[in-house]
Amino acid sequence: MKKRLISSYDEVNDTFVGKVDGENGYCADYDISNGVFLGIDGNNFPSFVLVNNASEVLNTPKQILENSNVKINIVCDSICLYFNIFIEDLRICSIKCKNSYGIANINFEMDSNH
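Each value, and the rule that gives it
- Residues numbered from 1 in each chain as written.
- Predicted model: local features only at pLDDT ≥ 70, side-chain atom pairs only at ≥ 80, totals over all residues.
- Heavy atoms only, no water.
- Helix = DSSP H or I, 4+ residues; strand = E, 2+ residues; numbered from the N terminus.
- Rg over C-alpha atoms; globule rule 2.2 N^0.38 Å.
- Buried < 20%, exposed > 50% of the residue type's maximum accessible area, 1.4 Å probe, protein only.
- Contact = heavy atoms within 4.5 Å.
- Areas by Shrake-Rupley, 256 points an atom, 1.4 Å probe, with all protein chains shown as cover.
- Lys, Arg positive; Asp, Glu negative; His and termini not counted.
- Charge placed at Lys NZ, Arg CZ, Asp CG, Glu CD.
- Disulfide = S-S within 2.5 Å.
- Core = buried A, V, L, I, M, F, W, Y, C linked by side-chain atoms within 4.5 Å.

A. View of the overall build of the protein chain. Within the protein chain, the regular secondary structure consists of two helices and nine strands. Order of helices (α) and strands (β) in the protein chain, N terminus to C terminus: β-β-β-β-β-α-α-β-β-β-β. Taken over the C-alpha trace, the protein chain has a radius of gyration of 13 Å; the compact-globule value for 114 residues is 13 Å, and the two agree within 12%. Expressed as lengths along the three principal axes of its C-alpha atoms, the size of the protein chain is roughly 35 × 25 × 25 Å. Scored against the burial criterion, the 114 residues of the protein chain give a buried share of 43%. Within the protein chain, contacts between residues at least 6 apart in sequence are counted, and of these 49% link residues at least 24 apart. Accessible surface computed for the protein chain: about 6,100 Å², of which carbon and sulfur atoms make up 44%. Averaging the positions of the 9 positive and the 15 negative side-chain charges in the protein chain gives two centres separated by 6 Å.

B. Quick look at the state of the cysteines. If you walk through the whole model with that rule in mind, you get zero disulfides. For the unlinked cysteine Cys-76, the closest cysteine sulfur is that of Cys-97, found at 7.7 Å.

C. Region of interest: the nonpolar core. Ile-32, Ile-72, Ile-74, Leu-81 and Phe-83 are the most contacted members of the largest nonpolar core, which totals 31 residues. Those residues in contact with Ile-72 that lie beyond four places of it in its chain are Leu-5, Phe-16, Val-49, Phe-83, Asn-84, Ile-85, Phe-108, Glu-109 and Met-110.

Following this line, the structure appears as C-alpha coordinates:
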(Lines give C-alpha, C1' and ligand atoms only; values in the text may rest on other atoms or scores of the structure.)
Protein backbone atom coordinates (compact mmCIF):
# COMPACT_ATOMS: atom_id res chain seq x y z
CA MET A 1 0.00 0.00 0.00
CA LYS A 2 1.42 3.37 -0.99
CA LYS A 3 0.27 6.73 0.42
CA ARG A 4 1.36 10.31 -0.14
CA LEU A 5 3.69 11.60 2.57
CA ILE A 6 3.75 15.16 3.81
CA SER A 7 7.00 15.71 5.66
CA SER A 8 8.76 18.63 7.25
CA TYR A 9 11.90 19.29 9.19
CA ASP A 10 12.12 22.11 11.74
CA GLU A 11 15.80 23.03 11.98
CA VAL A 12 15.31 25.32 14.99
CA ASN A 13 13.68 22.58 17.10
CA ASP A 14 15.48 19.72 15.27
CA THR A 15 12.19 17.89 14.71
CA PHE A 16 11.23 15.69 11.77
CA VAL A 17 7.53 15.02 11.13
CA GLY A 18 5.97 12.92 8.40
CA LYS A 19 2.26 12.28 8.05
CA VAL A 20 0.03 10.51 5.60
CA ASP A 21 -1.80 13.04 3.41
CA GLY A 22 -5.46 13.23 4.39
CA GLU A 23 -5.03 11.65 7.83
CA ASN A 24 -6.43 13.76 10.63
CA GLY A 25 -5.43 12.61 14.07
CA TYR A 26 -4.32 9.29 15.42
CA CYS A 27 -5.42 6.63 17.86
CA ALA A 28 -2.05 5.89 19.51
CA ASP A 29 1.64 6.63 19.14
CA TYR A 30 4.52 4.35 20.02
CA ASP A 31 8.21 4.94 20.65
CA ILE A 32 9.51 2.24 18.32
CA SER A 33 13.18 3.06 18.95
CA ASN A 34 14.86 5.71 21.10
CA GLY A 35 12.91 8.77 20.01
CA VAL A 36 11.34 7.55 16.75
CA PHE A 37 7.57 7.68 17.29
CA LEU A 38 5.03 5.95 15.05
CA GLY A 39 1.40 7.03 15.16
CA ILE A 40 -1.39 4.69 14.10
CA ASP A 41 -4.99 5.37 13.18
CA GLY A 42 -8.13 3.64 14.45
CA ASN A 43 -7.62 0.81 11.93
CA ASN A 44 -4.08 0.15 13.19
CA PHE A 45 -2.45 1.59 10.07
CA PRO A 46 0.51 4.00 10.28
CA SER A 47 -0.54 7.65 10.09
CA PHE A 48 2.53 9.67 11.13
CA VAL A 49 6.15 9.61 12.22
CA LEU A 50 7.75 12.02 14.69
CA VAL A 51 11.45 12.28 15.55
CA ASN A 52 12.56 14.82 18.15
CA ASN A 53 16.29 15.68 18.16
CA ALA A 54 16.21 14.24 14.64
CA SER A 55 19.78 15.05 13.59
CA GLU A 56 21.10 13.22 16.66
CA VAL A 57 18.60 10.32 16.70
CA LEU A 58 18.96 9.68 12.96
CA ASN A 59 22.68 10.57 12.96
CA THR A 60 22.06 12.73 9.90
CA PRO A 61 23.10 16.34 9.19
CA LYS A 62 20.36 18.96 9.36
CA GLN A 63 21.00 19.94 5.73
CA ILE A 64 20.02 16.43 4.59
CA LEU A 65 16.93 16.36 6.82
CA GLU A 66 15.68 19.52 5.09
CA ASN A 67 15.39 17.64 1.77
CA SER A 68 11.79 17.10 0.65
CA ASN A 69 12.40 13.80 -1.22
CA VAL A 70 11.42 11.43 1.62
CA LYS A 71 10.14 7.87 1.72
CA ILE A 72 9.14 5.91 4.80
CA ASN A 73 8.67 2.16 4.46
CA ILE A 74 6.98 0.05 7.13
CA VAL A 75 6.68 -3.71 6.83
CA CYS A 76 4.90 -5.69 9.54
CA ASP A 77 4.11 -9.28 10.24
CA SER A 78 2.70 -10.79 13.42
CA ILE A 79 6.18 -10.83 15.00
CA CYS A 80 8.27 -7.89 13.74
CA LEU A 81 7.98 -4.33 12.53
CA TYR A 82 10.58 -3.14 10.01
CA PHE A 83 10.84 0.64 9.64
CA ASN A 84 13.04 2.58 7.20
CA ILE A 85 13.41 6.26 6.29
CA PHE A 86 15.01 7.25 2.98
CA ILE A 87 16.02 10.73 1.85
CA GLU A 88 16.98 11.00 -1.83
CA ASP A 89 16.91 7.16 -1.87
CA LEU A 90 19.61 7.04 0.83
CA ARG A 91 18.55 5.04 3.89
CA ILE A 92 19.06 7.21 6.97
CA CYS A 93 17.16 5.06 9.47
CA SER A 94 16.52 1.34 9.81
CA ILE A 95 14.67 -0.15 12.77
CA LYS A 96 13.56 -3.67 13.51
CA CYS A 97 11.45 -4.24 16.60
CA LYS A 98 8.81 -6.52 18.03
CA ASN A 99 5.32 -5.84 16.64
CA SER A 100 3.59 -5.37 19.98
CA TYR A 101 1.46 -2.54 18.55
CA GLY A 102 -1.32 -4.53 16.89
CA ILE A 103 -0.34 -3.37 13.40
CA ALA A 104 -1.65 -5.75 10.76
CA ASN A 105 0.51 -7.61 8.23
CA ILE A 106 1.33 -4.81 5.81
CA ASN A 107 3.89 -3.47 3.40
CA PHE A 108 3.24 0.26 3.71
CA GLU A 109 5.08 3.11 2.01
CA MET A 110 4.71 6.81 2.57
CA ASP A 111 6.29 8.72 -0.32
CA SER A 112 6.57 12.49 -0.70
CA ASN A 113 6.61 12.04 -4.50
CA HIS A 114 3.46 9.87 -4.71
